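# Chains, contacts and geometry: an overview
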Amino acid sequence: EPEVTQTPSHQVTQMGQEVILRCVPISNHLYFYWYRQILGQKVEFLVSFYNNEISEKSEIFDDQFSVERTDGSTFTLKIRSTKLEDSAMYFCASTLTGTSEETQYFGPGTRLLVL
Amino acid sequence: LAKTTQPISMDSYEGQEVNITCSHNNIATNDYITWYQQFPSQGPRFIIQGYKTKVTNEVASLFIPADRKSSTLSLPRVSLSDTAVYYCLVVRNTGGFKTIFGAGTRLFVKA
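These notes cover the structure that comes with them. (Residues numbered from 1 in each chain as written. Chains lettered and ligands numbered in written order. Predicted model: local features only at pLDDT ≥ 70, side-chain atom pairs only at ≥ 80, totals over all residues. Heavy atoms only, no water.)

### As for the interface of chain A and chain B
In plain terms, the rule: Here, residues are in contact when the closest pair of their heavy atoms is within 4.5 Å. Two parts placed together each lose some accessible area; with a 1.4 Å probe, that loss summed over both constitutes the buried area. Criterion for a salt bridge: a side-chain nitrogen of Lys or Arg within 4 Å of a carboxyl oxygen of Asp or Glu. Between N or O atoms, a polar contact is any pair within 3.5 Å; within protein, one atom must be a potential hydrogen donor and the other a potential acceptor, and residues adjacent in sequence are included only when both atoms are from side chains. Strands here are runs of E lasting at least two residues and helices are runs of H or I lasting at least four, both read from the DSSP assignment and numbered beginning at the N terminus.
Across the contact, 26 residues belong to chain A and 23 residues belong to chain B. Between chain A and chain B lies a buried interface of about 1,900 Å² when both sides are counted; carbon and sulfur atoms form 51% of it. Applying the counting criterion to the chain A and chain B interface returns zero salt bridges. One can count four residue pairs in polar contact (both at pLDDT 80 or more) joining chain A with chain B. If you list the elements that add at least two residues to the side of chain A that touches chain B, you get β4 (31–37), β5 (44–50), β6 (53–57) and β9 (88–95) of chain A. At four residues, β4 of chain A tops the list of elements feeding residues into the side of chain A that touches chain B.

Right, here's the structure in full:
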């Protein structure tokens with residue numbers, strides 16, 4: 001079965017540093033998403049991305065965050081200046097189309113720890 | 001997006017059928033109801049999706065009444081490995097789409 005992959009699996013960084021989380025969506029998928037999950041809490045939507053543009057974003061996705069499709073396959077989430085509260089699991093997901101009856105495929109996540 | 005309400009936790013024993021009900025009173029015409037499963041430190045995994053009536057796959061069944069204001073996920077004969085958090089989601093196509101997860105139901109299956 002095709003799968004979404006994410007790297008790194010774990011990342012530790014110092015507060016104020018920039019981090020880039022990487023995702024390789026399923027190859028023929030066109031819509032990409034980032035979510036985060038703070039330990040013990042629910043999964044929170046961050047952003048959706050299609051055709052090299054942000055389609056939708058949440059209040060969490062402020063100017064510290066950016067997304068980009070690089071090298072034709074990798075979808076990245078950049079956090080410019082990390083804060084302690086950015087510590088969370090970050091999940092990437094993808095879909096073939098953006099229709100509501102379609103399944104989102106999630107990656108295994110990147111655990112980010114900000115010290 | 002329609003808010004969903006589901007029990008915080010449920011306990012069951014191996015071999016039993018488990019039914020988790022979710023209410024979504026403000027569901028809109030174009031919304032679909034989707035259930036995901038999440039194990040600790042893993043990404044959510046799709047279980048089943050439906051629009052109305054009943055849907056069944058190899059893993060679960062989903063019952064949706066005519067008014068679509070609630071849905072019930074049915075897991076037949078659960079095993080210890082079904083211990084996980086189960087999320088009921090109402091998914092809307094916003095040209096993108098935006099998926100809102102609720103708190104989920106923590107199912108604990110005991111031997």
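Now, onward.
### Overview of the sheet that holds strand β7 (residues 65–70) of chain A
All names here are of chain A. Quick note on the threshold: The rule for pairing is simple: two strands pair if DSSP sees at least two bridges between them. Only the contacting stretch of a helix is used when fitting its axis, a line to C-alpha atoms as for every element, and angles between N-to-C directions run 0 to 180 degrees.
Taking strand neighbours across the sheet as the criterion, the four strands line up as β1-β3-β8-β7 in an open arrangement whose pairing is antiparallel. Edge positions in the sheet fall to β1 (5–7) and β7, since each of these pairs with one other strand and no more. Taken over all neighbouring pairs, the strand axes of this sheet differ in orientation by 20 degrees on average, direction set aside.

### Focus: the pairing of strand β8 (residues 84–91) of chain B
Residues and elements named next belong to chain B. This is how it is decided: Each residue's exposure class comes from its accessible area (1.4 Å probe, protein chains only) as a fraction of the maximum for that residue type: buried when under 20%, exposed when over 50%, partly exposed otherwise.
A large share of β8 lies buried, amounting to eight of its eight residues. Burial of β8 is two-sided: the residues A84, Y86, C88 and V90 facing one way and the residues V85, Y87, L89 and V91 facing the other way are all buried. Taken together, the three bridges between β8 and strand β9 (residues 105–110) define a ladder with antiparallel strand orientation. Counted as the bridge partner of V85 is R106 from β9.

### Re the pattern of salt bridges
Per the counting criterion, the structure on display carries two salt bridges over all chains. Between E44 of chain A and R36 of chain A there is a salt bridge; the shortest N-O distance is 3.1 Å. Note that K110 of chain B and D11 of chain B form a salt bridge whose closest N and O atoms lie 3.6 Å from each other. Residue K110 of chain B is located in strand β9, and its partner D11 of chain B is located in strand β1 (residues 9–13); the two are separated by 99 residues in the primary sequence.

### Focus on the packing of aromatic side chains
The following threshold applies: Centre distance within 6.5 Å is the pairing criterion for rings of Phe, Tyr and Trp, where only the six-membered ring of Trp is used; planes under 30 degrees apart are then read as stacked, over 60 as edge-to-face, and the remainder as tilted. Geometrically, a lysine NZ or arginine CZ counts as sitting over a ring once it is within 6 Å of the ring centre and also within 35 degrees of the ring normal.
Across all of its chains, the model carries 14 aromatic pairs over all chains by this definition. Note on F61 of chain A and F65 of chain A: the rings are 5.7 Å apart at their centroids and 25 degrees apart in plane angle, and the pair reads as stacked. Neither F61 of chain A nor F65 of chain A differs from the other in exposure class; each is buried. Seen in terms of ring centroids, Y87 of chain B and F101 of chain B are 5.2 Å apart; in terms of plane orientation they differ by 85 degrees. Their pairing is edge-to-face. Placement of the pair is Y87 of chain B in strand β8 and F101 of chain B in the loop between β8 and β9, with a sequence separation of 14 residues. Neither Y87 of chain B nor F101 of chain B differs from the other in exposure class; each is buried. A cation over an aromatic ring shows up here: R68 of chain B above the ring of Y51 of chain B, its NZ or CZ 3.9 Å from the ring centre.

### Focus on the state of the cysteines
For clarity, the cut-off: Working definition: a disulfide is two cysteine sulfur atoms within 2.5 Å of each other.
Here the structure, examined in full by the defined rule, presents two disulfides over all chains. The disulfide partner of C23 of chain A is C92 of chain A, and the S-S distance across this bridge is 1.9 Å. As the torsion about the S-S bond is roughly -60 degrees, the C23 of chain A-C92 of chain A disulfide counts as left-handed. Of this pair, C23 of chain A sits in strand β3 (residues 19–24) while C92 of chain A sits in strand β9, and the two are 69 residues apart along the sequence. Across this residue pair, the class does not change: C23 of chain A and C92 of chain A are buried. A disulfide bridge connects C22 of chain B with C88 of chain B, and the sulfur atoms are separated by 2.2 Å. The sign of the S-S torsion, about -80 degrees, decides the handedness of the disulfide formed by C22 of chain B and C88 of chain B: left-handed.

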